[in-house]
Amino acid sequence: MDGIEDFFKNKDITCLRYADDLVFLCKPGVNIYGLRLSINFFLEERGLQIKESKTKLVKATEGFDFLGWNFKVKPNGKFISTPSKDNTKKVKAKIKETMKDSSFTLEQRIAKCGALVRGWRNYNKFCDMKNHDLWSQRLWTWRYIRKQGRYNGKGTTEVIHKAFPSVSWSVNTHIKVKSDKSVFDNDLTYWAKRHNKNYTGSTASTLKKQNHKCTSCGLTFLSGDKVELHHADGNHENWKPANLEALHRACHQHKPIHGEVRAARNSQKGKVEID
(Lines give C-alpha, C1' and ligand atoms only; values in the text may rest on other atoms or scores of the structure.)
Protein backbone atom coordinates (compact mmCIF):
# COMPACT_ATOMS: atom_id res chain seq x y z
CA MET A 1 0.00 0.00 0.00
CA ASP A 2 3.02 2.32 0.30
CA GLY A 3 2.82 5.04 -2.32
CA ILE A 4 -0.93 5.43 -2.57
CA GLU A 5 -0.71 8.70 -0.61
CA ASP A 6 1.37 10.23 -3.39
CA PHE A 7 -0.32 8.42 -6.28
CA PHE A 8 -2.68 11.33 -6.78
CA LYS A 9 -0.58 14.38 -7.59
CA ASN A 10 -3.48 16.73 -7.02
CA LYS A 11 -3.54 19.54 -4.47
CA ASP A 12 -7.31 19.10 -4.21
CA ILE A 13 -6.99 15.51 -2.94
CA THR A 14 -5.33 14.42 0.30
CA CYS A 15 -4.96 10.76 1.26
CA LEU A 16 -4.60 9.60 4.86
CA ARG A 17 -3.68 5.97 5.47
CA TYR A 18 -3.05 3.61 8.35
CA ALA A 19 -2.14 0.12 7.10
CA ASP A 20 -5.03 -0.70 4.73
CA ASP A 21 -7.49 1.87 6.11
CA LEU A 22 -7.80 4.89 3.82
CA VAL A 23 -9.51 8.26 3.78
CA PHE A 24 -9.46 10.64 0.82
CA LEU A 25 -10.22 14.28 1.55
CA CYS A 26 -11.45 16.00 -1.60
CA LYS A 27 -12.20 19.63 -2.29
CA PRO A 28 -15.39 20.61 -4.13
CA GLY A 29 -15.20 19.96 -7.86
CA VAL A 30 -13.01 16.85 -7.65
CA ASN A 31 -14.10 14.07 -10.02
CA ILE A 32 -14.95 11.47 -7.37
CA TYR A 33 -15.70 8.73 -9.91
CA GLY A 34 -12.39 9.30 -11.64
CA LEU A 35 -10.67 9.10 -8.27
CA ARG A 36 -12.42 5.83 -7.55
CA LEU A 37 -11.25 4.34 -10.87
CA SER A 38 -7.68 5.40 -10.07
CA ILE A 39 -7.88 3.76 -6.64
CA ASN A 40 -9.22 0.56 -8.19
CA PHE A 41 -6.36 0.56 -10.72
CA PHE A 42 -3.74 1.08 -7.99
CA LEU A 43 -5.13 -1.80 -5.92
CA GLU A 44 -5.70 -4.20 -8.83
CA GLU A 45 -2.02 -4.01 -9.75
CA ARG A 46 -1.31 -5.37 -6.27
CA GLY A 47 -3.98 -8.04 -6.31
CA LEU A 48 -6.26 -6.07 -3.98
CA GLN A 49 -9.72 -4.57 -4.16
CA ILE A 50 -11.92 -2.21 -2.17
CA LYS A 51 -14.37 -3.68 0.32
CA GLU A 52 -17.66 -2.08 -0.72
CA SER A 53 -19.38 -2.57 2.66
CA LYS A 54 -16.78 -0.36 4.32
CA THR A 55 -16.58 2.30 1.62
CA LYS A 56 -18.77 5.38 1.46
CA LEU A 57 -18.85 8.99 0.31
CA VAL A 58 -19.80 11.59 2.92
CA LYS A 59 -19.66 15.34 3.33
CA ALA A 60 -17.07 16.56 5.81
CA THR A 61 -19.83 18.47 7.61
CA GLU A 62 -21.66 15.17 8.20
CA GLY A 63 -18.61 13.61 9.80
CA PHE A 64 -17.07 10.17 9.46
CA ASP A 65 -15.37 7.56 11.65
CA PHE A 66 -11.77 6.50 11.09
CA LEU A 67 -9.58 4.35 13.39
CA GLY A 68 -11.93 4.81 16.35
CA TRP A 69 -12.26 8.59 15.97
CA ASN A 70 -14.98 10.77 14.51
CA PHE A 71 -13.89 13.61 12.26
CA LYS A 72 -16.16 16.50 11.36
CA VAL A 73 -16.08 20.03 9.96
CA LYS A 74 -18.37 22.32 11.91
CA PRO A 75 -20.58 24.99 10.29
CA ASN A 76 -18.01 27.66 11.18
CA GLY A 77 -15.42 25.79 9.11
CA LYS A 78 -13.41 24.50 12.06
CA PHE A 79 -12.31 20.88 12.12
CA ILE A 80 -12.95 18.73 15.20
CA SER A 81 -12.12 15.16 16.17
CA THR A 82 -13.65 13.15 19.01
CA PRO A 83 -13.72 9.48 20.03
CA SER A 84 -16.26 7.67 17.87
CA LYS A 85 -19.51 6.45 19.43
CA ASP A 86 -18.45 2.83 18.95
CA ASN A 87 -15.04 3.54 20.49
CA THR A 88 -16.63 5.14 23.54
CA LYS A 89 -19.31 2.46 23.88
CA LYS A 90 -16.67 -0.27 23.96
CA VAL A 91 -14.53 1.34 26.66
CA LYS A 92 -17.58 1.97 28.85
CA ALA A 93 -18.59 -1.69 28.60
CA LYS A 94 -15.01 -2.82 29.24
CA ILE A 95 -14.82 -0.75 32.44
CA LYS A 96 -17.85 -2.51 33.95
CA GLU A 97 -16.64 -5.90 32.70
CA THR A 98 -13.24 -5.33 34.33
CA MET A 99 -14.65 -4.18 37.68
CA LYS A 100 -17.09 -7.12 37.86
CA ASP A 101 -14.42 -9.75 37.12
CA SER A 102 -14.30 -11.54 40.48
CA SER A 103 -11.36 -13.71 39.40
CA PHE A 104 -9.19 -10.76 40.48
CA THR A 105 -9.02 -8.97 43.82
CA LEU A 106 -10.71 -5.60 44.11
CA GLU A 107 -7.33 -3.85 44.15
CA GLN A 108 -6.25 -5.72 41.02
CA ARG A 109 -9.48 -4.76 39.26
CA ILE A 110 -8.96 -1.11 40.18
CA ALA A 111 -5.43 -1.27 38.76
CA LYS A 112 -6.63 -3.01 35.58
CA CYS A 113 -9.36 -0.40 35.15
CA GLY A 114 -6.75 2.33 35.58
CA ALA A 115 -4.58 0.83 32.84
CA LEU A 116 -7.61 0.54 30.56
CA VAL A 117 -8.73 4.14 31.10
CA ARG A 118 -5.20 5.51 30.77
CA GLY A 119 -4.70 3.64 27.51
CA TRP A 120 -8.02 4.87 26.11
CA ARG A 121 -7.32 8.46 27.08
CA ASN A 122 -3.81 8.32 25.64
CA TYR A 123 -5.20 6.93 22.37
CA ASN A 124 -7.58 9.89 22.19
CA LYS A 125 -5.25 12.57 23.54
CA PHE A 126 -5.35 14.55 20.29
CA CYS A 127 -9.18 14.69 20.34
CA ASP A 128 -11.58 17.15 21.94
CA MET A 129 -12.24 15.27 25.19
CA LYS A 130 -14.27 17.84 27.13
CA ASN A 131 -17.47 15.80 26.67
CA HIS A 132 -15.75 12.43 27.03
CA ASP A 133 -14.64 12.40 30.68
CA LEU A 134 -16.35 9.05 31.47
CA TRP A 135 -18.14 10.75 34.35
CA SER A 136 -21.04 8.25 34.48
CA GLN A 137 -18.62 5.28 34.50
CA ARG A 138 -16.60 6.94 37.23
CA LEU A 139 -19.73 7.36 39.36
CA TRP A 140 -20.82 3.78 38.69
CA THR A 141 -17.35 2.51 39.66
CA TRP A 142 -17.32 4.64 42.83
CA ARG A 143 -20.63 3.13 43.91
CA TYR A 144 -19.50 -0.38 42.97
CA ILE A 145 -16.30 -0.11 45.04
CA ARG A 146 -18.26 1.38 47.94
CA LYS A 147 -20.69 -1.57 47.95
CA GLN A 148 -17.83 -4.02 48.39
CA GLY A 149 -17.43 -2.73 51.96
CA ARG A 150 -13.64 -2.45 51.75
CA TYR A 151 -13.48 1.33 51.80
CA ASN A 152 -15.46 4.09 53.44
CA GLY A 153 -16.59 7.10 51.42
CA LYS A 154 -13.30 8.95 51.77
CA GLY A 155 -11.24 5.87 50.98
CA THR A 156 -13.34 5.12 47.90
CA THR A 157 -12.82 8.66 46.63
CA GLU A 158 -9.06 8.22 47.05
CA VAL A 159 -8.82 4.92 45.14
CA ILE A 160 -11.15 6.05 42.36
CA HIS A 161 -8.28 8.21 41.08
CA LYS A 162 -6.32 5.00 40.49
CA ALA A 163 -9.18 3.60 38.42
CA PHE A 164 -9.63 6.82 36.42
CA PRO A 165 -6.21 8.46 36.03
CA SER A 166 -6.11 11.80 34.27
CA VAL A 167 -4.30 12.23 30.95
CA SER A 168 -3.72 15.60 29.32
CA TRP A 169 -5.11 16.15 25.83
CA SER A 170 -4.52 18.74 23.14
CA VAL A 171 -6.89 19.01 20.18
CA ASN A 172 -5.53 18.40 16.67
CA THR A 173 -1.83 18.52 17.62
CA HIS A 174 -0.97 15.11 16.15
CA ILE A 175 1.87 15.23 13.62
CA LYS A 176 1.25 13.10 10.54
CA VAL A 177 3.88 10.50 9.58
CA LYS A 178 5.81 11.68 6.52
CA SER A 179 4.37 10.03 3.41
CA ASP A 180 7.77 8.67 2.32
CA LYS A 181 8.55 7.06 5.69
CA SER A 182 8.17 3.37 6.48
CA VAL A 183 9.06 1.34 9.57
CA PHE A 184 11.11 -0.81 7.17
CA ASP A 185 13.24 2.06 5.79
CA ASN A 186 15.89 1.62 8.53
CA ASP A 187 15.66 5.29 9.54
CA LEU A 188 15.97 4.45 13.24
CA THR A 189 16.43 8.06 14.34
CA TYR A 190 13.18 9.27 12.74
CA TRP A 191 11.07 6.45 14.17
CA ALA A 192 12.72 6.56 17.58
CA LYS A 193 12.05 10.27 17.97
CA ARG A 194 8.48 9.87 16.73
CA HIS A 195 7.74 6.94 19.06
CA ASN A 196 9.31 8.69 22.02
CA LYS A 197 6.94 11.65 21.58
CA ASN A 198 4.43 9.40 23.38
CA TYR A 199 6.35 10.02 26.58
CA THR A 200 5.93 13.17 28.63
CA GLY A 201 7.51 14.95 31.59
CA SER A 202 10.82 13.67 32.95
CA THR A 203 10.90 10.68 30.60
CA ALA A 204 10.54 12.89 27.53
CA SER A 205 13.23 15.36 28.65
CA THR A 206 15.60 12.52 29.59
CA LEU A 207 15.12 10.84 26.21
CA LYS A 208 15.91 14.08 24.43
CA LYS A 209 19.03 14.60 26.54
CA GLN A 210 20.22 11.08 25.63
CA ASN A 211 19.39 11.55 21.93
CA HIS A 212 16.83 8.75 22.26
CA LYS A 213 19.45 6.11 23.11
CA CYS A 214 19.69 3.78 26.12
CA THR A 215 22.66 4.76 28.30
CA SER A 216 23.24 1.14 29.28
CA CYS A 217 23.42 -0.68 25.93
CA GLY A 218 23.82 2.36 23.69
CA LEU A 219 21.06 1.25 21.30
CA THR A 220 18.37 3.59 19.95
CA PHE A 221 14.88 3.14 21.40
CA LEU A 222 12.66 1.66 18.70
CA SER A 223 8.88 1.51 18.37
CA GLY A 224 7.66 -1.15 20.77
CA ASP A 225 10.59 -0.78 23.16
CA LYS A 226 9.53 -0.11 26.74
CA VAL A 227 11.35 2.92 28.12
CA GLU A 228 11.84 3.11 31.89
CA LEU A 229 13.33 5.84 34.04
CA HIS A 230 16.20 4.78 36.28
CA HIS A 231 17.09 6.71 39.44
CA ALA A 232 20.87 6.44 39.63
CA ASP A 233 21.02 6.72 43.43
CA GLY A 234 18.11 4.31 43.97
CA ASN A 235 16.02 7.06 45.56
CA HIS A 236 12.70 7.30 43.74
CA GLU A 237 12.04 10.62 45.43
CA ASN A 238 15.04 12.22 43.76
CA TRP A 239 13.81 13.54 40.41
CA LYS A 240 16.75 15.80 39.64
CA PRO A 241 17.64 15.49 35.92
CA ALA A 242 21.22 14.44 36.73
CA ASN A 243 19.84 11.45 38.70
CA LEU A 244 17.70 10.12 35.85
CA GLU A 245 18.50 7.75 32.99
CA ALA A 246 16.21 6.39 30.28
CA LEU A 247 16.79 2.65 29.87
CA HIS A 248 15.31 -0.35 28.12
CA ARG A 249 13.27 -2.42 30.58
CA ALA A 250 15.75 -5.30 30.39
CA CYS A 251 18.69 -2.95 30.94
CA HIS A 252 16.91 -1.34 33.87
CA GLN A 253 16.24 -4.64 35.62
CA HIS A 254 19.95 -5.52 35.60
CA LYS A 255 21.16 -2.32 37.25
CA PRO A 256 23.21 -3.46 40.32
CA ILE A 257 21.69 -0.86 42.64
CA HIS A 258 18.24 -2.45 42.36
CA GLY A 259 19.61 -5.80 43.45
CA GLU A 260 21.32 -4.11 46.39
CA VAL A 261 18.10 -2.35 47.41
CA ARG A 262 16.12 -5.61 47.21
CA ALA A 263 18.75 -7.45 49.23
CA ALA A 264 18.74 -4.74 51.90
CA ARG A 265 14.94 -4.79 52.04
CA ASN A 266 14.84 -8.58 52.39
CA SER A 267 17.53 -8.46 55.03
CA GLN A 268 15.55 -5.90 57.00
CA LYS A 269 12.43 -8.06 56.80
CA GLY A 270 14.43 -10.99 58.17
CA LYS A 271 15.56 -8.91 61.12
CA VAL A 272 12.01 -7.89 61.89
CA GLU A 273 10.84 -11.50 61.82
CA ILE A 274 13.65 -12.61 64.16
CA ASP A 275 12.91 -9.81 66.60
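The rules we used
Residues numbered from 1 in each chain as written. Predicted model: local features only at pLDDT ≥ 70, side-chain atom pairs only at ≥ 80, totals over all residues. Heavy atoms only, no water. Helix = DSSP H or I, 4+ residues; strand = E, 2+ residues; numbered from the N terminus. Rg over C-alpha atoms; globule rule 2.2 N^0.38 Å. Contact = heavy atoms within 4.5 Å. Areas by Shrake-Rupley, 256 points an atom, 1.4 Å probe, with all protein chains shown as cover. Lys, Arg positive; Asp, Glu negative; His and termini not counted. Charge placed at Lys NZ, Arg CZ, Asp CG, Glu CD. Axes fitted to C-alpha atoms, helices over the stretch in contact; angles between N-to-C directions. Parallel < 35°, antiparallel > 145°, perpendicular 65-115°, else oblique. Left-handed = near helix turned anticlockwise from the far one by under 90°. Buried < 20%, exposed > 50% of the residue type's maximum accessible area, 1.4 Å probe, protein only. Expected span 1.5 Å × (residues − 1). Arc of directions from axis to C-beta. Salt bridge = Lys/Arg side-chain N within 4 Å of Asp/Glu carboxyl O. Pairing = 2+ DSSP bridges.

K.L.:
Let's hear about the overall build of the protein chain: which residues, and what values?
P.N.:
The secondary structure content of the protein chain amounts to 10 helices and 7 strands. Its C-alpha atoms give the protein chain a radius of gyration of 24 Å, clearly above 19 Å, the size a compact globule of 275 residues would have. Seen along its three principal axes, the alpha-carbon backbone of the protein chain occupies a region of about 85 × 50 × 35 Å. Put simply, of all contacts in the protein chain between residues at least 6 apart along the chain, 48% involve residues at least 24 apart. Total accessible area on the protein chain is roughly 18,500 Å²; 53% of this is exposed by carbon and sulfur atoms. Across the protein chain, 50 positive and 29 negative side-chain charges occur, with their mean positions spaced 6 Å apart.

K.L.:
Would you mind going over the packing of helix H3 (residues 85-100) against helix H4 (residues 106-123) in detail, with residue names and values included?
P.N.:
To describe two helices that pack against each other, one gives the angle between their axes and the distance between the axes. It is the contact of H3 with H4, at a shortest axis distance of 8 Å, that shows an interaxial angle of 165°. With respect to H4, the element H3 is oriented roughly antiparallel. The handedness of the crossing between H3 and H4 is right-handed. Between H3, through Asn87, Thr88, Val91, Lys94, Ile95, Thr98, Met99 and Lys100, and H4, the contact on the second element is made entirely by Leu106, Arg109, Ile110, Lys112, Cys113, Leu116, Val117, Trp120 and Tyr123.

K.L.:
Outline the packing of H3 against helix H5 (residues 135-147), listing residues and values.
P.N.:
Taken N-terminus to C-terminus, the directions of H3 and H5 make an angle of 10°; their axes are 11 Å apart at the nearest point. Taken as axis vectors, H3 and H5 run roughly parallel relative to one another. Contact with H3, carried on its side by Lys92, Ile95, Lys96, Met99 and Lys100, involves Gln137, Trp140, Thr141, Tyr144 and Ile145 of H5 and no other residues of that element.

K.L.:
I'd love a proper account of unusual backbone geometry, names of residues and values included.
P.N.:
Phi at alanine 19 is positive, roughly 60°, even though this residue is not glycine. For alanine 19, the location among the structural elements is in the loop between strand S1 (13-18) and strand S2 (21-26). Despite not being glycine, histidine 212 shows a phi value in the positive range, around 65°. Judged by its relative accessible area of 12%, histidine 212 falls in the buried class.

K.L.:
Give me H4: which residues, what numbers.
P.N.:
An α-helical turn contains 3.6 residues, so any two residues separated by three or four positions project in the same direction. In this model, H4 (18 residues) spans 26 Å end to end at C-alpha, consistent with the 26 Å of a helix rising 1.5 Å per residue. Within H4, the full set of buried residues consists of Leu106, Arg109, Ile110, Cys113, Gly114, Val117, Trp120 and Arg121. An end-on view of H4 places all buried positions within 140° of arc, on one side of the element. For H4, the elements touching its buried residues are strand S5 (79-83), H3, H5 and helix H6 (153-163).

K.L.:
Residue-level account of H5, with values.
P.N.:
A rise of 1.5 Å per residue sets the reference length of H5, with its 13 residues, at 18 Å; its end C-alpha atoms lie 19 Å apart and thus fit the reference within 8%. Within H5 the residues assigned to the buried category are Gln137, Thr141, Tyr144 and Ile145. Here the buried residues of H5 occupy an arc of 95° about the axis, which is enough to place them on one side. Relative to its buried face, H5 has exposed residues pointing more than 90 degrees away, namely Trp135 and Lys147. A positive backbone phi angle near 75° is found at glycine 149, which sits one or two residues after H5.

K.L.:
For the pattern of salt bridges, give the residues involved together with the corresponding values.
P.N.:
All told, the structure shown has 7 salt bridges when counted by the stated rule. Salt-bridge contacts for arginine 36 lead to glutamate 52; the nearest nitrogen and oxygen are separated by 2.5 Å. Placement of arginine 36 in helix H2 (residues 32-44) and of glutamate 52 in the loop between H2 and strand S3 (64-66) is noted, with a sequence separation of 16 residues between them. Across the pair lysine 130 and aspartate 128 runs a salt bridge, and its minimum N-O distance is 2.4 Å. With relative accessibility at 53%, the residue lysine 130 sits in the exposed group. When its relative accessible area of 10% is taken as the criterion, aspartate 128 is described as buried.

K.L.:
How would you summarise the sheet that holds strand S4 (residues 69-73) if you had to cite specific residues and measurements?
P.N.:
Spatially, 3 strands are ordered S3-S4-S5 in an open sheet, and the strand pairing comes out antiparallel. Looking at strand neighbours, the two that pair on one side only are S3 and S5, the edges of this open sheet. Across the sheet, the mean angle from the axis of one strand to that of its neighbour is 30°, orientation sign disregarded. Judged from the 3 bridges that link them, S3 and S4 form a sheet pairing that is antiparallel. Considered in S4, the bridge of aspartate 65 is made with asparagine 70.

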